[in-house]
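Examination of the molecular architecture
What follows is the residue order along each chain.
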Amino acid sequence: MTQAMLKGSNIPLEATAIRAVLRWTPGTGVPDVDASALLLGTDDRVRSDEDFVFYNQPHHPSGLVRHLPKKPVQDALTDTIEAEFSGLGPEVRRVVLAASADGGTFGQVRDLSLLLYDASSDAPDTTDAEPIAIFAVLPETGKEAALICGELYRRGDGWKFRALGQGYESGLVGLATEYGISVEDGEDEDAPDDGSAAAEP
């Protein structure tokens, strides 16, 4: 049975691997949406730029976190991140699941949802399976160009998912910089927590 998530809620994950699918309705004036993931250590920062998985760097060096190509599903578009928990070392405390709007803001994006599927080797294919959880991601102001949709995080010997929906008007650059990613245009790595950095998406 699919769990409908509210902002701030969390659920335990029994799966050994997760497929996180961003889904939205495309159309005229709707910016493209890109999924990404950041692997964070105990200090809530990336260890290096290799811990940022996105369309230009689709595979983490470990091979355990991957960005998959976009694909249409009925009237929607999807962009997907896969994460395998069993091989991730204890130095990875969280995997942040983010979305960025290319050439616009999330106020222009319709029907944005994050769906979590069991991607374990013995799990049924996503096309036939019900999601474990679904989170309707709603921007707070509509001016956000990037969103943290949720996070996969350790709890004891297992993993949990928390629905977040935290927005950044500074776009993917501001979000990534906050977590320690080196940005080529020289933005300050100490971006404020409120997402008000002046970087452009």
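Cut-offs and rules
Residues numbered from 1 in each chain as written. Predicted model: local features only at pLDDT ≥ 70, side-chain atom pairs only at ≥ 80, totals over all residues. Heavy atoms only, no water. Helix = DSSP H or I, 4+ residues; strand = E, 2+ residues; numbered from the N terminus. Buried < 20%, exposed > 50% of the residue type's maximum accessible area, 1.4 Å probe, protein only. Contact = heavy atoms within 4.5 Å. Areas by Shrake-Rupley, 256 points an atom, 1.4 Å probe, with all protein chains shown as cover. Core = buried A, V, L, I, M, F, W, Y, C linked by side-chain atoms within 4.5 Å. Salt bridge = Lys/Arg side-chain N within 4 Å of Asp/Glu carboxyl O. 1 Å grid on protein atoms, 1.4 Å probe; cavity = no way out; pocket = protein on both sides within 12 Å on 5 of 7 lines; lining within 4 Å. Points joined across faces, edges and corners; volume = space filled by probe spheres on them. Nonpolar A, V, L, I, M, F, W, Y, C, P; charged D, E, K, R; others polar. Pairing = 2+ DSSP bridges.

The helix and strand inventory of the chain stands at one helix and 12 strands. A buried classification covers 51% of the 201 residues belonging to the chain. Relative to all contacts within the chain whose residues are 6 or more apart in sequence, the contacts with residues 24 or more apart total 67%. Total accessible area computed for the chain in this model is approximately 9,800 Å², and 47% of it derives from carbon and sulfur atoms.

With that settled, consider the nonpolar core. Note that soluble globular proteins tend to have their nonpolar side chains buried in a common cluster. Grouped together as the largest cluster of nonpolar side chains are 39 residues, with contacts concentrated most on Leu 22, Val 95, Leu 97, Leu 112, Leu 152 and Phe 161. Apart from the residues within four sequence positions on either side, Phe 161 is in contact with Met 5, Ser 9, Asn 10, Ile 11, Leu 13, Leu 97, Leu 114, Leu 116, Gly 150, Glu 151, Leu 152 and Tyr 153. In this structure, Val 96, Ala 146, Ile 148 and Ala 176 belong to the second largest nonpolar core, which totals 15 residues.

A separate point is the pattern of salt bridges. Taken as a whole and judged by the stated rule, the model has 13 salt bridges. With a shortest N-O distance of 3.4 Å, Asp 32 and Lys 70 are connected by a salt bridge. Highlighted residues: Asp 32 in strand S4 (residues 32–40) and Lys 70 in strand S6 (residues 65–73), separated in sequence by 38 residues. Here Lys 70 falls in the partly exposed class, since its relative accessible area comes to 30%. With a shortest N-O distance of 2.6 Å, Asp 44 and Arg 93 are connected by a salt bridge. Here Asp 44 is found in the loop between S4 and strand S5 (52–53), whereas its partner Arg 93 is found in the loop between strand S7 (76–84) and strand S8 (94–102), with 49 residues between them in sequence. Taking the relative accessible area as the measure of exposure, Arg 93 reaches 32% and is therefore partly exposed. Salt bridges linked by common partners bring Asp 44, Arg 93, Arg 94, Glu 151 and Arg 162 together as one network.

The subject of this paragraph is empty space enclosed by the protein. Taken as a whole and assessed by the stated rule, the structure comprises one cavity of 30 Å³ or more. Roughly 40 Å³ of internal volume is contained in the largest cavity. Ala 20, Leu 22, Ala 35, Ser 36, Asp 79, Ile 81, Leu 97, Ala 98, Leu 114 and Cys 149 are the residues that line the largest cavity. Counting only elements with at least two residues in the lining of the largest cavity, the list comes to strand S3 (17–25), S4, S7 and S8.

Before going further, it helps to spend a moment on helix H1 (residues 171–178). Of all eight residues making up H1, eight are buried, and the element is well covered by its neighbours. Buried within H1 we find Gly 171, Leu 172, Val 173, Gly 174, Leu 175, Ala 176, Thr 177 and Glu 178. One or two residues past the end of H1 sits Gly 180, with phi positive at roughly 100°.

Now for the layout of surface pockets. Roughly 500 Å³ of volume is contained in the largest pocket. In terms of lining residues, the largest pocket is bounded by 20 residues, among which Phe 52, Phe 54, Tyr 55, Leu 172 and Val 173 are the most central. Among the elements of the structure, S8 and H1 are those that each provide at least two residues to the lining of the largest pocket. Class assignment for the residues of the lining of the largest pocket results in 11 nonpolar, five polar and four charged.

With that settled, the discussion passes to the pairing of S7. Remember that side chains alternate between the two faces of the sheet whenever the strand is regular. For S7, a buried count of seven out of nine residues is recorded, marking the element as mostly surrounded by other parts of the structure. Two elements, S6 and S7, share seven bridges in a ladder whose sense is antiparallel. Residue pairing for S7: His 67 is matched across the bridge by Ile 81. Hairpin geometry of S6 and S7 is characterised by an intervening segment of two residues between the two adjacent antiparallel strands and by a positive phi of about 55° at Gln 74.

Within the secondary structure layout, Gly 104 lies in the loop between S8 and strand S9 (110–118). Not counting residues within four places of it along the chain, the set of residues in contact with Gly 104 comprises Pro 31 and Ala 145.

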